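Residue strings, one per chain:
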Amino acid sequence: MKILIKPFEEKDLEQVKALIMECFPTIGIPNIKYQEEEKHFTLVVQTENKIIGHVRIDEIYDNIRDRSHYLLDYMCIKKEYQNHGIGSKLLEHVTKIAKEKKISYLELTSRKERHNAHQFYLKNDFQIRETYVFRKEI
């Protein structure tokens, strides 16, 4: 199967919404708008003109340490395309971009019940951090 990893385009919007609803059903209908910037962008995986993968990337600058990292969000591969190395290729592509831009590291969060995703991240050289995520809704 031939895949293409490419920047998100406005014409991909409806397919990306459908993919996110499929992969993350508890969030409901995503309120995605096409808003790509240099430090905030999205990559999609495409095969035969179908979007089958997605990752949102935000560059975060740490002015204390004077370095940046990428925060990966809503990374997903359509269920029937999982376990074919596509997610790993997507992470390799993100890593290549990060190295070119002198990004220090990649970071993501994952809900504790997503055991398969955790195994995938560990297989792709991510490490579990001992931390808690706190949020205050406004």
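Structure: see above.
Throughout what follows, the structure given in this document is the object of discussion.

Rules behind the numbers
- Residues numbered from 1 in each chain as written.
- Predicted model: local features only at pLDDT ≥ 70, side-chain atom pairs only at ≥ 80, totals over all residues.
- Heavy atoms only, no water.
- Helix = DSSP H or I, 4+ residues; strand = E, 2+ residues; numbered from the N terminus.
- Rg over C-alpha atoms; globule rule 2.2 N^0.38 Å.
- Buried < 20%, exposed > 50% of the residue type's maximum accessible area, 1.4 Å probe, protein only.
- Contact = heavy atoms within 4.5 Å.
- Areas by Shrake-Rupley, 256 points an atom, 1.4 Å probe, with all protein chains shown as cover.
- Lys, Arg positive; Asp, Glu negative; His and termini not counted.
- Charge placed at Lys NZ, Arg CZ, Asp CG, Glu CD.
- Pairing = 2+ DSSP bridges.
- Expected span 1.5 Å × (residues − 1).
- Axes fitted to C-alpha atoms, helices over the stretch in contact; angles between N-to-C directions.
- Salt bridge = Lys/Arg side-chain N within 4 Å of Asp/Glu carboxyl O.

With that out of the way, let us pick up the overall build of the chain. The helix and strand tally for the chain stands at three helices and five strands. On C-alpha atoms alone, the chain measures out to a radius of gyration of 15 Å, which is about the 14 Å that the 2.2 N^0.38 rule sets for 138 residues. Put simply, the chain has 138 residues, and 38% of those count as buried. Restricting the contact set of the chain to residue pairs at least 6 apart, pairs at least 24 apart contribute 57%. Put simply, the chain shows about 10,100 Å² of open surface, and 50% of that area lies on carbon and sulfur atoms. Computing the positive centroid from 24 side-chain charges and the negative centroid from 22, the chain places the two 3 Å apart.

This brings us to the pairing of strand β3 (residues 50-62). Buried residues dominate β3, accounting for 10 of its 13 residues. Sheet topology places strand β2 (residues 40-47) next to β3; eight bridges connect them, and they run antiparallel. By the bridge assignment, glutamine 46 is partnered in β3 with isoleucine 51. Hairpin connection from β2 to β3: two residues lie between these consecutive antiparallel strands, with glutamate 48 at a positive phi of about 45°. Alignment of β3 against strand β4 (residues 67-77), held across nine bridges, turns out to be antiparallel. Pairing of histidine 54 across the sheet is with cysteine 76, part of β4. Between β3 and the antiparallel strand that follows it, β4, lie four residues; aspartate 66 among them carries a positive phi value of about 55°.

Let's shift gears to helix α2 (residues 86-100). A rise of 1.5 Å per residue sets the reference length of α2, with its 15 residues, at 21 Å; its end C-alpha atoms lie 21 Å apart and thus fit the reference within 8%. Residues of α2 that are buried include every one of Ile86, Gly87, Ser88, Leu90, Leu91, Val94, Ile97 and Ala98, and no others. If you follow the buried residues of α2, they end up packed against β1 (4-7), β2, β3, β4, β5 (106-108) and α3 (115-123). In the stretch just after α2, lysine 102 is the one whose phi turns positive, near 60°.

If you trace the five strands from one edge of the open sheet to the other, you get β1-β2-β3-β4-β5, paired in mixed fashion. With one partner strand each, in any of the chains shown, β1 and β5 form the two edges of the open sheet. Pairs of neighbouring strands in the sheet enclose a mean axial angle of 30°, with direction left out of account. Across four bridges, the pairing between β1 and β2 is antiparallel. Looking at β2, one finds that leucine 4 is bridged to glutamine 46. Against the sheet, helix α1 (residues 13-23) engages β2, β3 and β4, with an angle of about 85° to β3. Contacts from α2 reach β1, β2, β3, β4 and β5 within the one sheet, and its direction differs from that of β4 by about 160°.

Our focus in this paragraph is the pattern of salt bridges. This structure, assessed with the given rule, holds 11 salt bridges. For the salt bridge of aspartate 58 with arginine 56, the shortest nitrogen-to-oxygen distance reads 3.5 Å. Summarising the burial analysis for this pair, aspartate 58 and arginine 56 share the class buried. When salt bridges that share partners are traced, they join Lys6, Glu9, Lys11 and Asp12 into one network.

Everything listed is a geometric property; what it means functionally is a separate question.
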